[in-house]
Amino acid sequence: MDLKDYLRVLRQRWVLITVTTLLTVAVAALVTITATPQYQSTARLFVSTPSTATDGQLQSGGQFSQQRVKSYATLIKGEEVARRVADRLNLDEDPSTLMSKISTSVELDTVVLSVSVQDPSAERAQELTQTVAQVFTDYVRELETPEGQLDAPVKASIVDRATVASSPVSPQPVRNLGLGFVLGLLLGAGLAVLREVLDNRIRSLDDITGVSGQDVPLLGNIFYDKDAVTQPLLRGLPSHHPRLEAFRVLRTNLSFVDPGAEHKVYVVSSALPGEGKSSTTTNLAQMLADGGQRVLLIEADLRRPRAAQYLNVESGVGVTTILLGRVELDDAIQPISPNFDFLASGRVPPNPAELLQSAEMRKLLAHARAEYDIVLIDAPPLLPVTDAALLSSVTDGALVIIRHGSTTTEQYASSLDRLAAVDARLCGAIVTMSPQPKRRAGGYGYGYGYGYGYGYGPETQPGSRAERKRDKKARRQNADESV
């Protein structure tokens, strides 16, 4: 992924990033509110050597003290100091618990040691800190006094006594919320990129060509239309409707497939049900007929036929009736509109695959090819059953429907494998239910490389709103001047 891909992911998945950020900030706020305030008190110790030494001895003693301070920073947090503090204050607290409250720091290139203790009570924090400092000065004297002598060569003195803190050191609301916000953004962006990497649904032309290769064209891009649920067909739509224009593009692109052939037969299928196969095939047939070609739509989905229902015609007589020898093809065909005829599926048989690969079915297709300019076969999905692959092997090829954001690359690849297994030809892909294009600076942007489908209808009212206001104001001024 390059920078453009990351920016696209952030733009497309901004909701996920926003929700993740808000949740992280909410967790940070909850932790801040429920956390017990902690007060901190600090005392400072000065580590020194005897002052009766010469200048050279003083310099050596200073270096010795600096080295000792580093060791003291560790010792003061040890169990022995904690035990002595607990004994002096008569605490029931375990020394290990007290040890976890003690922290130390050494100022760079000095012999000053700072010791701090945190506690929910400011007074108790001050008392513990002062006691730790006092106990440690005695402890240093014991450790550093040589055997048989009374004075130690190194001494730790309290220079700054512990004081009572006026405000807690934790929690820190501003810091916690700020960290929660930054962490939420990073986590949300990471989840967005991870989801994009793991998401194998087809969303762009690159996803399609990555599976089928550059040689397989994308014939059409049918944008999502919420009205298509109640009105799946193009009938009654205005001539400039985006969905109607998208099918015009599909019709034009399909004409470049096998341009030298006079009679064409194509199977239209999809990987799985619910990808808009039947409605797309029906609308494509109508659009081809409106373009002047004689079109026959064959409803060869003998398992779950839908085309007859869309066209609102009788489905009891059709493919199965012809294959059983009960009627002739010409008698079963139903005219839908000028140049557009329809052959229903007939009654649903118990053995659809056997009927579709029979010799009678090949005769039916040969007869239909001779009578029509183009024959479209609405076939079942490729993955659940083998019907579409069998039909594709005895026709000019298959058109595969891909539902944007639903069909995965694995499903599409498996569909192509089904076609390749029977030496069937893939003539092109058709994307359905893709997002409507959005206006951008310098033109329109599309995920599949088409500059169509946004509609180019007649203007209902000339001029913009601002222009109409200016014209109205000018007319009013002219009227005033004439008076």
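Residues numbered from 1 in each chain as written. Predicted model: local features only at pLDDT ≥ 70, side-chain atom pairs only at ≥ 80, totals over all residues. Heavy atoms only, no water.

Details of the pairing of strand E3 (residues 112-119)
Which entries qualify depends on this criterion: In this scheme, a residue with accessible area under 20% of its type's maximum is buried, one over 50% is exposed, and one in between is partly exposed, where area comes from a 1.4 Å probe on protein chains only. Strands here mean DSSP runs of E at least two residues long; helices mean DSSP runs of H or I at least four residues long; both are numbered from the N terminus. At least two DSSP bridges between two strands are required for those strands to pair.
A large share of E3 lies buried, amounting to 7 of its 8 residues. Both strand E2 (residues 102-106) and E3 contribute to a ladder of 5 bridges, which runs antiparallel. Bridge assignment links serine 105 to a residue of E3, and that residue is serine 114. Hairpin remark: E2 followed by E3, antiparallel, with 5 residues in the connecting loop; positive phi at aspartate 109, about 60°.

Regarding the sheet that holds strand E8 (residues 334-337)
Short version of the rule: Fitting a line to C-alpha atoms yields each axis, with helices limited to the stretch in contact; the angle taken between N-to-C directions then spans 0 to 180 degrees.
One open sheet accounts for 8 strands, arranged E5-E12-E11-E6-E10-E7-E9-E8; its pairing is mixed. Here the strands that pair on one side only, and so sit at the sheet edges, are strand E5 (218-223) and E8. Ignoring strand direction, the axes of neighbouring strands in this sheet form an average angle of 25°. With 5 bridges joining them, strand E6 (residues 264-270) and strand E10 (residues 374-378) adopt parallel strand pairing.

Some remarks on the confidence of the model for the protein
Basically, it comes down to this: For every residue, the predictor assigns a confidence score, pLDDT, that lies between 0 and 100. Throughout, a contact is declared for two residues whenever any of their heavy atoms are within 4.5 Å.
Overall, the predicted model of the protein reaches an average pLDDT of 86, with 87% of residues at or above 70. Contacts for the low-pLDDT stretch residues 439-447, under 50 throughout, to residues beyond four places or in other chains number 13 contacts. Across residues 449-464, where pLDDT falls below 50, the model places 27 contacts with residues more than four positions away in sequence or in other chains.

A word on helix H9 (residues 242-254)
Let me state the cut-off plainly: The span expected for a helix works out to 1.5 Å for each residue beyond the first.
The terminal C-alpha atoms of H9, which comprises 13 residues, lie 18 Å apart, in line with the 18 Å expected from a rise of 1.5 Å per residue. Among all positions of H9, only Arg243, Leu244, Ala246, Phe247, Val249, Leu250 and Leu254 are buried. Looking at the packing, one finds that the buried side of H9 touches E5, E6, helix H10 (277-290), E10, strand E11 (398-403) and strand E12 (426-434).

Brief notes about a negative patch on the surface
Basically, it comes down to this: Within this analysis, patches are made of residues with over 30% relative accessible area and no salt bridge. Like charges are joined at 9 Å or less; nonpolar side chains (Val, Leu, Ile, Met, Phe, Trp, Tyr) at 5 Å or less. Note on areas: Shrake-Rupley, 1.4 Å probe, and residue coverage restricted to the protein chains presented here. Salt bridges are defined as contacts in which a side-chain nitrogen from Lys or Arg sits within 4 Å of a carboxyl oxygen from Asp or Glu. Counting rule applied: Lys, Arg positive; Asp, Glu negative; His and chain ends not counted. A single reference atom marks each charge: NZ on Lys, CZ on Arg, CG on Asp, CD on Glu.
Among the surface-exposed residues, Glu328, Asp330, Asp331 and Glu371 lie close enough to one another that they form a single negatively charged patch. Among the secondary structure elements, glutamate 371 is positioned in helix H15 (residues 359-371).

Quick look at the side chain of serine 279
Defined as follows: In protein, a polar contact means a hydrogen-donor-capable atom and an acceptor-capable atom, both N or O and within 3.5 Å, with residues adjacent in sequence counting only if both atoms are side-chain atoms; elsewhere, any N or O pair within 3.5 Å suffices.
Counting through the fold element by element, serine 279 comes out in helix H10. A distance of 3.4 Å separates the side chain of serine 279 from the backbone oxygen of glycine 276, its partner in a polar contact. Every residue in contact with serine 279, bar those within four places of it in the chain, is listed here: Pro232 and Tyr310.

Some details on the packing of aromatic side chains
Filter applied, for reference: Classification of ring pairs uses Phe, Tyr and Trp, with its six-membered ring standing for Trp, and accepts pairs whose centres are within 6.5 Å; under 30 degrees between planes counts as stacked, over 60 as edge-to-face, and the remaining range as tilted. Both a distance and an angle decide whether a charge sits over a ring: NZ of Lys or CZ of Arg must be within 6 Å of the ring centre and within 35 degrees of the ring normal.
Applying the stated criterion across every chain yields a total of 2 aromatic pairs. Ring geometry for tyrosine 72 and phenylalanine 136: centres 5.6 Å apart, planes at 75°, overall edge-to-face. In this pair, tyrosine 72 is assigned in helix H3 (residues 55-75) and phenylalanine 136 in helix H6 (residues 122-144), connecting sequence segments 64 residues apart. When sorted by exposure, tyrosine 72 lands in the same class as phenylalanine 136, which is buried. Linked through ring pairs, Tyr72, Phe136 and Tyr139 together constitute an aromatic cluster. Positioned over the ring face of tyrosine 372 is arginine 294, at 4.6 Å from the centre of the ring.

A word on H10
For H10, with 14 residues, the first-to-last C-alpha span of 20 Å sits near the 20 Å given by 1.5 Å per residue. With respect to burial, H10 is a largely interior element, 13 of its 14 residues being buried. Positive phi appears at glycine 292, one or two residues downstream of H10, with a value of about 105°.

Some thoughts on the environment of alanine 388
Among the secondary structure elements, alanine 388 is positioned in helix H16 (residues 387-393). Between the C-alpha atom of alanine 388 and that of isoleucine 377, which follows or precedes it by 11 residues, the distance is 9.0 Å. Those residues in contact with alanine 388 that sit more than four places away from it in its chain are Val267, Ser269, Ala379, Pro380 and Leu382.

Looking at the sheet that holds strand E1 (residues 39-48)
The strand order across the open sheet formed by 4 strands is E2-E3-E1-E4, and the pairing between neighbours is antiparallel. Of all the strands in the sheet, just E2 and strand E4 (155-160) have a single pairing partner and so form its edges. Strand-to-strand twist across the sheet, computed as the mean angle between neighbouring axes with direction ignored, equals 30°. Across 5 bridges, E1 lies against E4 in antiparallel orientation.

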